[in-house]
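For reference, the chains in residue letters:
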Amino acid sequence: MPQSTKIEYIGADELTKLLPPREAVTALREALAGGLDPTAGPPRSILELPDGAGQLLAMPAASEFGVGVKAISAVPGNADRGLPRIQGVHLVFRPPSYTPAAIVDGAALTTLRTPAVSVAAVLPLLTRPGRRWRVVVFGAGPQGTGHVRTLRDVGAELDDVTYVVRDPSRADPELTGDDRVVTPGDVEPWLRRADLVVCATPSPTPVLDSALLADDAVVLAVGSHDPDAREVDSALTARAQVIVEDPATALRECGDIVLPVAEGVLSAGRLVPMAAVVRGESELAPDRPVLFKGSGMAWQDAVVADAAVRALDAR
């Protein structure tokens, strides 16, 4: 009888040591530049949990850049239990036998890959020589802070960071050092001077008035994957260059895209695939806002998890 293969477990602390954010960004960009097709995989499977508790999501992906499946639960009520809203695992399969090789903490993987995807989509803008950024972040949870950590790790020059939270007294003490914490009611002056805005909240309605933003502002919106929820208003999509992970996915899952399309202020033909930007097939005008809308796709988890396993092998 053949012996069972040992399956490595990569927890949150281990993942942080194996794969810094800049390396996750590099892995994603190299996969897209190498020909990975974000449209090739199946849509995520979403199961509504009993009693409206939340959702269970299954996300399989297979390409030469990584093979795996992530299963996570998203339970908003976990905040009251002192637990993360998102929990789960990602299982990595290794070719050519496709034997299970590793289990990666699903919440940690999501926290790492989500900002890595945002930054990968617009990296040339963020690291342009001489460009400095005044950043406003809506949400101070793992995704909000993760975006700032990733921006700094890839070398983006941040002049200052303002986090927008409903109750500053509950903000992580680490945010009260060099970073500013304000309430939504006090954010207007910081938005007027902002160059880069990150929206990383579960809000179903827009969190900012885009009329306050400069003509060359960059907005990264990643907080939802529901077609009836959005963090940015239609006015922004009307004037911005809109980058998405995959147009079909965005038109199916992203309220920030679905709703303005339904209102007639955004056309599907204006959606710019992330892969086209990374490959240099689509250039961004410097005098118009840029909006990146991401909802998370399985290929991203597979690529980042595969990079972590290869780092583990090398070590």
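Residues numbered from 1 in each chain as written. Predicted model: local features only at pLDDT ≥ 70, side-chain atom pairs only at ≥ 80, totals over all residues. Heavy atoms only, no water.

Caption draft 1: Layout of the side chain of Thr114. Locating Thr114 in the fold gives a position in helix H3 (residues 106–121). According to the relative accessible area criterion, Thr114 is buried, its value standing at 10%. (Helix = DSSP H or I, 4+ residues; strand = E, 2+ residues; numbered from the N terminus. Buried < 20%, exposed > 50% of the residue type's maximum accessible area, 1.4 Å probe, protein only.)

Caption draft 2: Expanded view of helix H5 (residues 142–153). Across its twelve residues, H5 extends 16 Å between first and last C-alpha, which sits within 8% of the 16 Å expected from 1.5 Å per residue. Along H5, the residues that are buried comprise Gln143, Gly144, Thr145, Gly146, His147, Val148, Thr150 and Leu151. Gly155, located one to two residues past H5, shows a positive phi value of around 95 degrees. (Expected span 1.5 Å × (residues − 1).)

Caption draft 3: Layout of the sheet that holds strand S13 (residues 272–273). The eight strands lie next to each other as S9-S8-S7-S10-S11-S14-S12-S13, forming an open sheet whose pairing is parallel. Single-partner strands in this sheet number two, and they are strand S9 (180–182) and S13. As paired strands, strand S7 (residues 132–138) and strand S10 (residues 196–199) are joined by four bridges and run parallel to one another. By the bridge assignment for S10, Val137 is matched with Val198. Lying over the sheet, H5 contacts S7, strand S8 (157–164), S10 and strand S11 (218–221), oriented at roughly 180 degrees with respect to S8. (Pairing = 2+ DSSP bridges. Contact = heavy atoms within 4.5 Å. Axes fitted to C-alpha atoms, helices over the stretch in contact; angles between N-to-C directions.)

Caption draft 4: Up close: the side chain of Asp306. Counting through the fold element by element, Asp306 comes out in helix H11 (residues 298–314). The residues touching Asp306, leaving out its near neighbours within four places in the chain, are Phe65 and Gly66.

Caption draft 5: Just the pattern of salt bridges, in detail. As enumerated under the stated definition, the model contains 20 salt bridges in all. Through salt bridges with shared partners, a single network forms among Arg44, Arg252 and Glu253. (Salt bridge = Lys/Arg side-chain N within 4 Å of Asp/Glu carboxyl O.)

Caption draft 6: Structural detail: the environment of Arg149. Its place among the elements puts Arg149 in helix H5. For Arg149, a relative accessible area of 46% corresponds to the partly exposed category. With 164 residues separating them along the chain, Arg149 and Asp313 place their C-alpha atoms 25 Å apart. In this view, Arg149 contacts Pro21 and Thr111; residues no more than four positions away in its chain are not counted.

By themselves, these observations are geometric and do not establish any function.
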